[in-house]
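# Descriptive analysis of the structure
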Amino acid sequence: MLTYTLLAGLLFGLYFTLIGLGLNLVFGVMRIVNLAHGDFLMLGAFLAFWLFSLFAINPIPTIPIAFLVFLLLGFPLYYLLVPRLLRAKDPEMLSFILFFGLSQVIQALATILWGTSERSIPGGQLGRAIAAILSFVTGRTIENGPIEILGQSFPAAWVASGIASGIGVLLVYWYLYRTKLGYLTRAVMVSRDEAVASGIDVDRISAIAFGFGLGLAAVAGVFAPFLLGSITPAMGAEVTITSFAVIVIGSLGNPLGTLLGGLVYGISYMFMQSYYSSWANLLPYLLLIAVLLLRPNGLLGRQARRA
Amino acid sequence: MPPDASVSPLLSVTGIEAGYGKVQVLWGTDLAVAGNESVVLLGANGAGKTTLLKVLMGLIAIWRGRINFADEDITSLRTDRRVRRGIVYMSETSGFPALTVDENIRIGAQFLSKAEARLRAEELYSIFPMLADRRRAAAGSLSGGQRKMLGIAKALASNPRLVIMDEPSAGLSPLLVREVVRVLASFRGKGLAFLIAEQNVKFLDLADRVYTLDGGRIGFVGTVAEVHANDALQRAYFGLK
C-alpha cells in the first residue's frame with residue numbers, strides 16, 4: 001500500500017507541478033496572480049474533449065495543439081490586460097480582482113456554450129496511445145491495459161499523464177535554464193528594473209511568459225479528464241486553488257520550488273486519498289495554511305522570489 | 001580628452017527636465033560627452049545624478065528637453081533600443097544575483113550573434129580572470145569587488161560606444177575602488193566613452209572633464225585640473241583643503 005501510494009503520489013505530483021508551473025511563471029515574471037489559471041486549464045480540457053468527441057483525435061497529439069493555441073492566445077491577452085495593470089500603484093492586488101473577473105467571464109461563457117454537464121474522455125484512449133508508442137519503440141506488441149511499476153499496477157492513463165507531465169516539466173526547465181529566452185526570462189524574474197536597464201525587452205519577455213503560462217495550463221487541461229475526473233466549466237476555481245497551494249508550498253516566483261511543491265502536494269494528496277479519502281479535498285487549504293504559518297516564503301525559504 | 005568643438009558630441013543633452021510624480025528633480029540640465037571621452041558627474045546625495053542617468057537610459061520619463069546620441073534624437077526611444085544603439089547602463093546592483101556570471105555576461109551581449117557573444121565573453125574572461133574562474137557561480141555569491149567587475153564586464157559585453165555608470169565605487173573598500181578605477185582606465189582611448197556619476201575623488205583620475213550637479217542643475221563644467229584649482233569645489237565635493 002505504501003509503495004503504491006508513494007508511486008501514485010509521484011505521478012500526481014508531476015502533474016500538479018505542471019499545473020502550478022504556468023501560474024508560477026506568470027507570477028515570477030510579472031508579479032501578478034492569474035486567478036483565471038484554472039479556467040484556462042478547463043478550456044484546455046474542453047479542447048481535448050471536443051477534439052476527441054468530434055474528430056476522434058487522441059489526447060496525445062492534442063498536447064502540442066493545446067499548447068500552441070493557448071500560447072498564441074496569451075500574446076493579445078497580455079497586451080490587452082497586463083501592461084495597464086503593471087502601471088497601477090499596486091498591480092499585485094489589482095491582478096487578483098482583474099483575473100477573478102476574467103475567471104468568472106470564462107466560466108460563464110463556457111457554461112453558456114457547453115452547459116453544466118460533466119464530461120470525460122475514456123481512460124483507455126491515453127493507454128492506447130502509450131501502448132502504440134511503446135510498441136513502436138520496443139518493436140513488440142504492447143497491449144493496452146494497466147501498467148506495472150515496482151510490482152504495483154496503475155491505470156495507463158495515470159502513468160501516461162505522469163510521464164507526459166514530467167517531460168513537460170523537463171522541457172520548461174530546459175527552456176528556462178538552457179536557452180537565451182530562458183535566462184532573459186529569469187533575469188526579469190530577478191529584477192524587472194535591472195532587466196529594463198540591461199536592455200531586455202521586458203514586455204516581449206512578459207508576453208511570451210504569459211503565453212507560456214496559458215499554454216502550460218492548457219496542456220495540464222488535456223490530462224485533467226484522466227487525473228482530476230470529469231470536466232465541467234466550474235472546475236477552474238478548484239484547480240486555481242490547487243495550483244496556488246503548489247506554488248506557495250514551493251516558493252512563489254521560483255520555478256524550482258514548483259517541482260518541490262508539486263511533489264509534496266501530489267504525495268500528500270495520495271496519502272490522504274488512501275488513508276483519509278473523505279478529507280482529501282481539504283488538503284490544499286490545510287497545506288496552504290500550514291506553509292503560510294510555518295514557512296511563509298515556501299519550502300525553499302530565502303530563495304523565494306528568485307529565479 | 002576634452003571634446004573637439006568642431007565635432008558633434010556622441011551624447012548631447014539639452015534642457016532636460018524630469019522628476020517623480022509632481023516632484024521636479026532636474027531643472028534644464030545640459031550635458032555633452034564626446035566619443036572616446038570620460039566624463040565624471042559629481043554631486044551630493046539627492047543632487048539628481050541617478051535621475052539624470054535614468055533619463056538618459058529612458059528608465060524615467062522625460063518632461064522636457066532633448067537627448068541626441070550619435071546624431072540621432074533618442075529622446076523618446078525605448079531603453080532596449082538605446083542599448084542596441086550602443087548606450088549601456090551599469091547600475092549600483094551590477095547585474096542579476098540569482099543568475100550565473102556567464103548568464104549575466106550573455107545578457108550584456110544579448111544583441112550580438114551567438115558566435116560573437118561567445119567570442120566577446122572569452123575576451124572579457126581574459127580581461128577579468130577572476131570571473132573566468134567563477135563563470136558557473138551565481139553572481140550573488142561573488143564578493144563586492146568581483147560583483148563590480150562583473151557589472152563592468154556585463155556593460156562592456158555588447159561592445160558599447162557609451163557606458164553610463166551609477167556610483168561604481170558604492171559599497172567598495174578604498175583598495176577595490178582603486179582596482180575598479182585601474183580596470184576602467186585600461187579601456188580609455190579605445191573608442192569607448194564613459195559617463196560616471198560619482199562622489200569618490202579617486203574617479204577624477206579617469207576624467208577628461210567634470211560636471212557638477214547641484215539641486216538638479218549643472219553647476220561647474222571643466223577639466224580635472226580646473227577642479228583641482230577650484231577651492232570651493234574641493235571643499236564642496238571632497239571635503240578637501
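Residues numbered from 1 in each chain as written. Chains lettered and ligands numbered in written order. Predicted model: local features only at pLDDT ≥ 70, side-chain atom pairs only at ≥ 80, totals over all residues.

### Considerations on the domain arrangement of chain B
All names here are of chain B. Split into domains, chain B comes out as domain 1 (1-86 + 160-241) and domain 2 (100-159). For domain 1 versus domain 2, the distance between C-alpha centres works out to 24 Å. Contact with domain 1, which involves 11 residues of that partner, is made by 10 residues of domain 2. Listing elements by their share of the side of domain 1 that touches domain 2, those giving two or more residues are α2 (79-85) and α7 (174-185). Per-element accounting of the side of domain 1 that touches domain 2 gives the leading share, 4 residues, to α7. Its residues assigned to classes, the side of domain 1 that touches domain 2 shows 8 nonpolar, 1 polar and 2 charged. (Domains from an automatic or database assignment. Contact = placed C-beta atoms within 7 Å. Helix = DSSP H or I, 4+ residues; strand = E, 2+ residues; numbered from the N terminus. Nonpolar A, V, L, I, M, F, W, Y, C, P; charged D, E, K, R; others polar.)

### A short note on the interface of chain A and chain B
Across the boundary between the two partners, chain A contributes 15 residues, which contact 17 residues of chain B. Elements that contribute at least two residues to the side of chain A that touches chain B include exactly α7 (180-190) and α8 (192-197) of chain A. For the side of chain A that touches chain B, the residue count by class is 8 nonpolar, 3 polar and 4 charged.

### Points about the packing of helix α2 (residues 37-55) of chain A against helix α3 (residues 59-86) of chain A
Two measures define how a pair of helices packs: the angle their axes make with one another and the distance between the axes. Residues and elements named next belong to chain A. Packing of α2 against α3 leaves a shortest axis separation of 10 Å and a crossing angle of 135°. The angle between the axes of α2 and α3 places the two elements in the oblique class. Read as a crossing pair, α2 and α3 show a hand that is right-handed. Contacts between α2 and α3 involve F40, G44, L47, A48, L51 and F52 on the former and, on the latter, P59, T62, A66, V69 and F70. Among the residues forming the contact of α2 with α3, the class breakdown is 9 nonpolar, 2 polar and no charged. (Axes fitted to C-alpha atoms, helices over the stretch in contact; angles between N-to-C directions. Parallel < 35°, antiparallel > 145°, perpendicular 65-115°, else oblique. Left-handed = near helix turned anticlockwise from the far one by under 90°.)

### Some details on the packing of α3 of chain A against helix α9 (residues 202-227) of chain A
All names here are of chain A. Close contact between α3 and α9 brings their axes to 6 Å; oriented N to C, the two are set at 140°. Classified by the interaxial angle, the pair formed by α3 and α9 is oblique. Judged by the sense of rotation from one axis to the other, the crossing of α3 with α9 is right-handed. In terms of residue class, the contact of α3 with α9 is built from 22 nonpolar, 7 polar and 1 charged.

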